[in-house]
Amino acid sequence: MTKSDKCSFDCGALVTRLAKNLLGYEPGAIDRPMSTEVPYFDIAYMKGPFCNEGHIASLLTPVTKEEIKGVVFAIPKDKAPGPDGLALVLPDIIHENQGAFIKGRSIIENVLICQDIVHLYARKAVTPRCLFKIDLQKAYDTIEWDFVEQMLQGLKFPSHFIQLVMQCVRSTSFTLSLNGSNFGYFKGQRGLRQGDPISPLLFTICMEYLSRLIKFATDRWPFQYHPLCKNLKLTHLMFADDLLLFCKGKSQSIWLLMRAFSSFSKASGLAMNNAKSEIFFNGVAEDIKEGIKMVTGFKEGTMPFRYLGVPIKAGRLTKSECKVLFLKKWNYLWDGSSEYHRVPMVAWDKVTLPKKGGGLGIRRADTWNIATVGKLVDWIYCKADRLWIKWVSDVYIKEKDWSCYTPPADATWVWKNICKVKDKLKTGYTNGSWTVSPKGYSIRSGYDWLAPDLVPLDWPAIVWNNWNIPKHSMTTWLRMHEGMNVKSKLMRYGCCPDDLCLLYQLQSETVEHLFTSCVYATKVQSCLAKWYGGGFPTVTGLLATQKDSIQWKVRVAMFNAFTYSIWYQRNNARVNDVLLRPELVAARIEEEVKRRVKVKCGSVADQPGCGWLQNMGMN
C-alpha cells in the first residue's frame, strides 16, 4: 500500500480484502473460494500501541560526547557497540506474546505456558486441538529492508530516527576471506547483521506484524481458540525465530492461522523451514488430520519436543531425563569430564558450603532450583504485569488467595512444583512481601535463606589467600578435608595391596602422616625453615598470628606451596616411580614463593619493614 492510498482507504474494504486473502472466502460467502493472493496490509490499521510523544522525545534526545565515550569504552573486545535507546521503547509497543530481547521479559514464561498448553495431549477423549511449531528459515538473513522501514513507519517512530536506523541497516557490505586473504566487495541487499545489538530489536519489531495480523484476523472471523486460551485470546508465542501457533483442531481455525502466516511471510521475506517445522494434534480425527497435513505441508511431530532448548511433553519429565543436569557439575570438579564413576574426594554437602564454611562455594543444584522457582512465586505475590501471571491467574488461581492456594489434582506437574516452592518460602513473606531482604526477593536471597545455618571456620583464610596459586589452594583444601586418595584410603576401597607411604615406606600413608610426620616431608620443611629463618608454619601457628601482614602472607604462600609439592612428589613416585631429593623440592618452593612476592609486592626494597625478606634473598 502506498502513502497516497492511505488517505482514501476504506476500513470496510480492508476487512473484505483480508477475508479474501487470509481465508480464501468473503464474509457472508464462506463456502465460495476466492483468490489466494496475499497483499501487504498496513500495520497502522491494526490495533495496538504505537510510539507516543514520550517515546519520540527519548529517541530524539541529543547524544552527548560523554555518552558516546561511555558506550564505546564499555564494549567488550568481542562485541559490537551497544546498548541502544530503542530497547527502552519496545516494552510498551511489542505484544506480550514476544519474549525475546524485550527488557523485563523472560524466556521461562514462554516455556511454562507451552508446557500448560500441551498438558493433556497424551489423553484420549479430549476436545480437538493442535499446535504448530514453526522454525523460520535463516531469519536474520532473509528479512526485507523495505519491510523493516515500513514497520518503523507504521509504528510511528520519528522519521529522523528511522533514517539513522535504515542507514545502519542498508550500509551492510561484504568481502570474501579465502586462505587468509580478502577478495571482492559487494553491498548487501537484505537481512540484518548478526552480532549487531540493534538487529535483535529490529527483528522483534518485524515479528510484531505477525502478532497484529493474527489478532486482526481472529477478531473478525470465526476462530476457535485452543483450550485454556480463550479468555486471554492467546494464539501464539514467539521467542526470536522460534514460533508456536495454537488453536482448536478445526480446519477453519487452522486455515486462518496459516493464511495469516502466509501474509506475513510475503510481506517480510521470512519463510518457514519445513524440515524443522512440525504440527502436533490431539483429539483430531484421522481423516481431518491427514487433510490438514496435506494442505499445510507440515509433518506431524511427536512428544517430547524441544522448545527454547527445554523438553516439552504432556506428562512430567522423568528422573533419567534430568539426571545429567545434576551430575555434570559434580563430576567435572574431580575429573575434568562429565563422565566420572569414582567415589568423590569430598562429600557434596561440604563442597557446596560457602568458602568461609569450608566449602568451595559451589551452589547446590536442588536448593538453587528452588530459589530460582521462587522468583516465579514472587511474581505472583507481586501481581507482576506479565503474560505468564495473567495465564496462571486465569487458568489456575482465579480469585483465590495465593498464600494458601492448593493446586487442583489435574494441574501440570510444573505448576504443582511451583506451588510446593511457594509453601517452602511462605514463612519468608509477610502480607505478600518478601521480608528477608529489604530489596525484595532475589534468587540469591532465597538461596541463602534456604541454605542451612553457616558455621564459619578459621582455616579457609589460609587456603583462599590471594597470595596462593589456585592449584596450591585446591590441594590444601583437599588436605584440610582429608579428601586425598592416600594409600590407606585406597586400600580400604580394595584398590591398593598395601598402605605403605610412597615417600618413606615404613609407615601407613595417611593425610596426617604425609604432611607432618613423613621423614621425606620433614626434610623439606627443615630446608624451608633454614631458608626462611624460623620454624616451618603450621595451621595452628598461622591462625594464631596477625593475618594482614606481608610476613604472614609469605608464610601462607610457603605453606600452600609445600602442601602442593609434597602431594605432587607423592603422585609422581606412584605413577612414574620418580622422586626428587628433598633439597631440590625445597629449592623449587623457594623460587615459587619468591615469584609470588615479586608479583604481589614488586620491589621488596620499597616495602617498609621488610628487611627480613631481603635476608631471604628476595630483593
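So, here's what we can say about the structure. (Residues numbered from 1 in each chain as written. Predicted model: local features only at pLDDT ≥ 70, side-chain atom pairs only at ≥ 80, totals over all residues. Heavy atoms only, no water.)

Here the focus is the overall build of the protein chain. The helix and strand inventory of the protein chain stands at 27 helices and 13 strands. Expressed as a percentage of its 619 residues, the buried residues of the protein chain come to 45%. The contacts in the protein chain between residues at least 6 apart in sequence include a share of 65% that link residues at least 24 apart. (Helix = DSSP H or I, 4+ residues; strand = E, 2+ residues; numbered from the N terminus. Buried < 20%, exposed > 50% of the residue type's maximum accessible area, 1.4 Å probe, protein only. Contact = heavy atoms within 4.5 Å.)

Okay, unusual backbone geometry next. Note the cis peptide between M303 and P304, where omega equals 0 degrees. For P304, the position within the fold is in the loop between strand 9 (299-300) and strand 10 (305-307). One non-glycine residue with positive phi stands out, namely F101, at about 65 degrees. Position of F101 relative to the elements: it lies in the loop between helix 5 (86-93) and helix 6 (107-117).

On the surface, F174, L176, L178, F183 and F186 cluster together into a nonpolar patch covering about 490 Å² of accessible area. Tallying contributions element by element places strand 4 (residues 173-178) first for the nonpolar patch, with three residues. Its place among the elements puts F183 in strand 5 (residues 181-187). (Patch = residues over 30% accessible without salt bridge, like charges linked within 9 Å, V, L, I, M, F, W, Y side chains within 5 Å. Areas by Shrake-Rupley, 256 points an atom, 1.4 Å probe, with all protein chains shown as cover. Salt bridge = Lys/Arg side-chain N within 4 Å of Asp/Glu carboxyl O.)

Two strands pair when backbone bridges link them, and strand 4 and strand 5 are joined in this way by five bridges, in the antiparallel orientation. Bridged to S177 within strand 5 is N182. (Pairing = 2+ DSSP bridges.)

For the pair helix 25 (residues 550-576) and helix 26 (residues 582-601), the least separation of the axes is 9 Å and the interaxial angle reads 140 degrees. Relative to helix 26, the element helix 25 lies oblique. Relative to helix 26, helix 25 is oriented so that their crossing is right-handed. Residue-level inspection shows I550, V554, A557, M558, A561, F562, S565 and Q569 of helix 25 in contact with helix 26, the latter providing V585, I589, V593, V597 and C601. Here the residues of the contact of helix 25 with helix 26 sort into 11 nonpolar, two polar and no charged. (Axes fitted to C-alpha atoms, helices over the stretch in contact; angles between N-to-C directions. Parallel < 35°, antiparallel > 145°, perpendicular 65-115°, else oblique. Left-handed = near helix turned anticlockwise from the far one by under 90°. Nonpolar A, V, L, I, M, F, W, Y, C, P; charged D, E, K, R; others polar.)

Geometrically, a packed helix pair is captured by the angle between its two axes and the distance between the axes. Look at helix 5 against helix 10 (residues 199-218): their axes get within 11 Å of each other, and the N-to-C directions meet at 15 degrees. The pairing of helix 5 with helix 10 is recorded here as roughly parallel in orientation. For the element pair helix 5 and helix 10, the recorded crossing hand is left-handed. Residue-level inspection shows L86, A87, L90 and I93 of helix 5 in contact with helix 10, the latter providing L201, L202, I205, E208 and R212. Tallied by class, residues from the contact of helix 5 with helix 10 come to seven nonpolar, no polar and two charged.

Taking 1.5 Å as the rise per residue, helix 25 with 27 residues should run 39 Å; its terminal C-alpha atoms sit 38 Å apart, in good agreement. In the segment just after helix 25, D577 is the residue with positive phi, at about 55 degrees. (Expected span 1.5 Å × (residues − 1).)

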